[in-house]
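Fold and geometry: a report
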There are 2 protein chains.
Amino acid sequence: MIVRDFNKIIENERGRVVSDAHWSSVRMLLAEDGMGFSFHVTFLEAGSEHTFHYKHHYESVYCMQGKGSITDLATGETHEIKPGVMYALDQHDRHTVRAEEELVMACCFNPPVTGTEVHREDGSYAPAVENA
Amino acid sequence: MIVRDFNKIIENERGRVVSDAHWSSVRMLLAEDGMGFSFHVTFLEAGSEHTFHYKHHYESVYCMQGKGSITDLATGETHEIKPGVMYALDQHDRHTVRAEEELVMACCFNPPVTGTEVHREDGSYAPAVENA
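Here's what I pulled together on the structure shown here. Remember, predicted model here, so these are calculated numbers, not experimental data. (Residues numbered from 1 in each chain as written. Chains lettered and ligands numbered in written order. Predicted model: local features only at pLDDT ≥ 70, side-chain atom pairs only at ≥ 80, totals over all residues. Heavy atoms only, no water.)

Remarks on the environment of Tyr125(A)
Residues and elements named next belong to chain A. Relative to the helices and strands, Tyr125 is located in the loop between strand 11 (103–110) and helix 2 (128–131). Judged by its relative accessible area of 3%, Tyr125 falls in the buried class. For the pair Tyr125 and Pro112, spaced 13 residues apart in sequence, the C-alpha separation works out to 11 Å. (Helix = DSSP H or I, 4+ residues; strand = E, 2+ residues; numbered from the N terminus. Buried < 20%, exposed > 50% of the residue type's maximum accessible area, 1.4 Å probe, protein only.)

The following block contains the structure:
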């Protein structure tokens, strides 16, 4: 059994915290944990906008706190994000997320993120083999 | 892209809500969604105690709200559960969860739950093939 505390990770295990200027992500579970998915708690800064395209991963995102929106860039459709709303990128959907208030999200990735990925210019993570 | 709202599910899609007397689970994502994992928001009633043993599934559980504890029945070790604590059953660990206050948990299962499983007497879910 693995037991991890978000609050201890952000104090003592900064290697599990990945950030850029306008978002940060606390990796609670990574590929090495052997669960077959990874689990992250991700913060998007109030007023920020992000375009991502996980070509090689499925991701689900559950809003725990905050307010914003997501646009499916294939259809142009925009959905409100608020606590209790989940979106799942079952078609590796290219999308833009906007945070009106800071968004706090519970994210699952399949295949699991290894922890070494960086967002590429096209908003994707490389497949695991390119990170190896 | 799949977008679902917890609050609309509990009003309009009761088929996604599974309960017994002391817990209920809202299935935000199931096997049929094709993500390779399922994602549930689960409530454990204040004062309740539950012994589970997911012999055929990996499960991670992230505490969003409430207070309680988890005991690993293999080692006897007990860990506090509070917001920000996650446990992951990477060894299919048999465990007892106690809710001092109502616990609200974000749960991921691999393989994904189909939605038709019931807890068996030993606290497990059957493997998917037995549910088919």
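As for the pattern of salt bridges
Pairing between side chains of opposite charge can happen when their charged atoms approach one another. Within this structure, the stated rule accounts for nine salt bridges over all chains. Among the ionic pairs, Glu32(A) bridges to Arg16(A), the shortest N-O distance being 4.0 Å. You can see Glu32(A) sitting in the loop between strand 3 (23–29) and strand 4 (38–44) and its partner Arg16(A) sitting in the loop between helix 1 (6–12) and strand 2 (17–19), a full 16 residues away along the chain. For Glu49(B), the salt bridge is made with Arg98(B), and the minimal N-O distance between the two is 3.5 Å. Residue Glu49(B) is located in strand 5 (residues 49–52), and its partner Arg98(B) is located in strand 10 (residues 95–99); the two are separated by 49 residues in the primary sequence. Judged by its relative accessible area of 28%, Arg98(B) is partly exposed. What emerges from the salt-bridge pattern is a single network uniting Glu13(A), Arg16(A) and Glu32(A). (Salt bridge = Lys/Arg side-chain N within 4 Å of Asp/Glu carboxyl O.)

Here's the deal with the relation of the copies chain A and chain B
When chain A is fitted onto chain B, the two copies agree to an RMSD of 0.0 Å after a turn of 180 degrees and an axial shift of 0.0 Å. Taken together, these values place the two copies in the relation of a two-fold axis. (Least-squares fit on C-alpha atoms with pLDDT ≥ 70 in both.)

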